[in-house]
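Single-letter residue listing:
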Amino acid sequence: MADVPVTEQHYGGLLTLVGQNKEANAKVNKTPIDITHIAIGDGGGEYVVPDEGMTELVNEVARYPLNVIEVQHTGSGTPLLFIEAVVPASDGGFTVREMSAIDADGDTIAIANCAPNYKPVPSQNAPRMLPVRMIFAITSDAAWETTINDDLVMASREWAEKTFTARSASLDSLSTNLVDTLSLATPIKGMYYRKISDDSLAIGVLHNLNNAAEYVLRKDPDGFLLLRGGFVAEEGISDKNPDLPLGDGSGTQFILPGDGNRNCYATQVGAKITTSFEGDSLFFRHYSDDRGGIWAISIDSGDPILHSTFKTVAESGNTLHLIADGLDYGNHSVVAEFLGDDPDNPPSEGPGTSRGWFYYDHQDPSSSSPKTFGFRTGALDWPNRQEVISESSIPDFAIAAKAEPFTGLGHWIPRHGGGGPGSAARNISREIYIDGRPFGENISQLPIEHVRCATVYVKQKYTAYSTYDENADFPLWDGVIVHSVNGGILSVSHTITVNPSNPVEATGYLSMFPFSMAETDRVILNNGSEYPIPNSVDSTITTEIDQLCTSAAIVSGSGGFAAACQIGALADSVDIKSLPIPRDSLFFTARADGVSKLYWKRFNSGSPMKPGDRYRVINRYFMAKHPDIDSVV
């Protein structure tokens, strides 16, 4: 866009004319501007000079939801608006030279340029998040909506440390973050989403070890979408038959036996079977014996992979053999050509008598019997899943509360375990974003089949009531809760703003880690403590934790999995540097129903929530299978 010598290039940001007009109107109408995204561009490969008349970037390559927005005051008296978004590690292959701030109407509010910054993709062996930031002068704090940092999508490490790390010596000593420890030991190769039902959404994470994890969000009776279970398993394998007709269709290239025998074989050199699949790995199912010959299997017309069906001792035809792994996920074509005798293993019946074995139910190709080719599905093997985060508990939060003037009973929000005739969460609104694109508010419109993605973001706003307040006379608080998965880590951020008119009494938690006891061996805390977990108990056992901790991991040596939870922050808006929780509120329970729960309890019995008080919390979760899980955490 501009041919400017490097020595004369300058970087910064400014409000566009659209942004200036909207700011002026916001001050008059008292309707703050809501910036939702940062768009990034490559400037068409050239240095970009920001101009207030611009309404879009020179060449936008992506846009991402905002993580941070805050007003900064300088000695000059001119307020500055600081905003940040994060490009996930899975995205890249472009150079960032320009940025713009996008509001809820889709308008370009501000424009900025920056020094060229190349964002690699993971395949370039440099997976990393890239924070992108803009800062520009404004005229009034009141014209801008500044609550987005409570609706966290994925914070950069720098911003998280700046904003949420407490300064006390006790917190400074907690250097180990068990979520990061586990996630760094089990790199991911992709993510996906799928609809389980109209009320449930699964967000899946695929690990490099061909294992997978799924976080499940499910609606409660009030329609409130919350975390209800986390599962791990091996990545599923699907299969399909070869394309028809086989070979040249003459019937002379292949022997297809009858009487239910599925052990078919090629007889002529040059005979071919073909297929196509969507995935990142390929398997070949076949019988093997001392007559087996050799196949040349080409994927996407690439160099052939030689695969022998010879074995001295016969092997069942229903055996999958891995041909290729670690392919780029996507659609692939396959051609398998029979080459004849295996030069290293001549057939037992003499030269030229080898058989190119393959498994194929040619008498009923549509049957459910195993098929010739297999491929990893790119999703968790749901029938063989292991429950890690308990699906019968609500880790997001649970508060039994009532407004002071209301004389009835308080009950749990979210609604569970009975209660009154009213709803606990009302006026619920929901926004679903996948890879930064809006998908409305309804899960029902999402596909049942899994779809690959890089980020999933679900934001809900609600008003809390006691279920006994059937007429909605005493609203307790307004809440914003965000579930987002990026880089395989689930972040749950939650902001509560207490009703300005009513004092509230509360009991409950904003952070809890529930897990199945059946296979869990132990709990590890980042304060250095470790506790064994019994497989079962007859009645609830409570263990108090007398030292502060901010993350925990459960480990199952027998099940080969681990999961971790981190409480990133829990503080009110007045004193962001206060300790996350009172020390006497840390404990975990082992229960007769087979669920153990680790609590970071914020509200003890009858704790006051003062009108206008604001609470916020950020929790992070990660779970994975690993062949040597005991060495990981």
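Residues numbered from 1 in each chain as written. Predicted model: local features only at pLDDT ≥ 70, side-chain atom pairs only at ≥ 80, totals over all residues. Heavy atoms only, no water.

### Some points on the sheet that holds strand β12 (residues 254-255)
Alright, step 1. As summarised here, the arrangement of the three strands in space is β12-β13-β20, forming an open sheet in which the pairing is antiparallel. The sheet terminates laterally at β12 and β20 (356-359), the two strands that pair on one side only.
Alright, step 2. Bridge count between strand β13 (residues 263-266) and β20: four bridges; the pairing is antiparallel. In the strand pairing of β20, A266 is matched with G356. (Pairing = 2+ DSSP bridges. Helix = DSSP H or I, 4+ residues; strand = E, 2+ residues; numbered from the N terminus.)

### Some thoughts on the confidence of the model for the chain
Alright, step 1. The predicted model of the chain averages 83 in pLDDT, with 87% of residues at 70 or higher.
Alright, step 2. Per-residue pLDDT stays below 50 along residues 147-175; that stretch engages in 81 contacts with residues further than four places along the chain or on separate chains.
Alright, step 3. In this model, residues 571-583 is a region of pLDDT below 50 whose contacts with residues beyond four sequence positions or in other chains number 33 contacts. (pLDDT = per-residue confidence, 0-100. Contact = heavy atoms within 4.5 Å.)

### Some words on helix α1 (residues 17-29)
Alright, step 1. Spanning 13 residues, α1 covers 18 Å between terminal C-alpha atoms, matching the ideal 18 Å at 1.5 Å per step.
Alright, step 2. Residues of α1 that are buried include every one of G19, K22, E23 and A26, and no others. Along α1, the residues classed as buried sweep out an arc of 105° about the axis, all on the same side. Exposed side chains of α1 directed beyond 90 degrees from the buried face belong to N21 and V28. (Expected span 1.5 Å × (residues − 1). Buried < 20%, exposed > 50% of the residue type's maximum accessible area, 1.4 Å probe, protein only. Arc of directions from axis to C-beta.)

### What to know about the pattern of salt bridges
Alright, step 1. Scanning the model with the defined rule gives 17 salt bridges in all.
Alright, step 2. Between R620 and D180 there is a salt bridge; the shortest N-O distance is 3.1 Å. Of this pair, R620 sits in strand β39 (residues 614-625) while D180 sits in helix α4 (residues 178-185); the two residues are 440 residues apart in sequence, bridging distant segments of the chain.
Alright, step 3. On the basis of relative accessibility, which here comes to 14%, the residue D180 falls in the buried class.
Alright, step 4. We note a salt bridge from D289 to R291, for which the minimum N-O separation is 2.7 Å.
Alright, step 5. Judged by its relative accessible area of 5%, D289 is buried. (Salt bridge = Lys/Arg side-chain N within 4 Å of Asp/Glu carboxyl O.)

### Notes on the sheet that holds strand β17 (residues 305-308)
Alright, step 1. The strand order β14-β19-β16-β17 describes an open sheet built from four strands, whose pairing is antiparallel. Each end of this open sheet is capped by a strand with a single partner; those strands are β14 (272-279) and β17. Neighbour-to-neighbour, the strand axes of this sheet turn through a mean angle of 25°, independent of strand direction.
Alright, step 2. Pairing of strand β16 (residues 294-299) with strand β19 (residues 330-340) involves six bridges; the strand directions are antiparallel. Within the sheet, the bridge partner assigned to I294 lies in β19 and is G340. (Axes fitted to C-alpha atoms, helices over the stretch in contact; angles between N-to-C directions.)

### What about the packing of aromatic side chains?
Alright, step 1. Considering all chains together, one arrives at 20 aromatic pairs under this definition.
Alright, step 2. Taken together, a centroid distance of 5.6 Å and an interplanar angle of 55° make the contact between Y433 and Y457 tilted. In this pair, Y433 sits in strand β25 (residues 425-434) while Y457 sits in strand β28 (residues 455-464), placing the two residues 24 residues apart along the sequence. The burial state of Y433 is the same as that of Y457; both residues are buried.
Alright, step 3. Site record: aromatic cluster; members linked through ring pairs are F254, F284, W295, F338, F358, Y360 and F373.
Alright, step 4. Stacked on the ring of W382, the Lys or Arg R385 has its end atom at 3.9 Å from the ring centre. (Phe/Tyr/Trp six-rings, centres within 6.5 Å; stacked < 30°, edge-to-face > 60°. Lys NZ or Arg CZ within 6 Å of the ring centre and 35° of its normal.)

### Thoughts on the environment of A26
Alright, step 1. With respect to the helices and strands, the residue A26 is situated in helix α1.
Alright, step 2. On the accessibility criterion, A26 (2% relative accessible area) is buried.
Alright, step 3. In this structure the C-alpha to C-alpha distance between A26 and A143, which are 117 residues apart in sequence, comes to 5.1 Å.
Alright, step 4. Leaving out residues up to four positions away in the same chain, A26 has contacts with T31, P32, I33 and A143.

### As for unusual backbone geometry
Alright, step 1. With omega at 0°, the peptide bond leading from L244 into P245 counts as cis.
Alright, step 2. Each neighbour pair has its own omega, and for I413 with P414 the value is 0°, a cis peptide bond.
Alright, step 3. On the secondary structure map, P414 appears in the loop between β24 (411-413) and β25.
Alright, step 4. At S301, a position not held by glycine, the phi torsion is positive, near 65°.
Alright, step 5. Within the secondary structure layout, S301 lies in the loop between β16 and β17.
Alright, step 6. When its relative accessible area of 75% is taken as the criterion, S301 is described as exposed.

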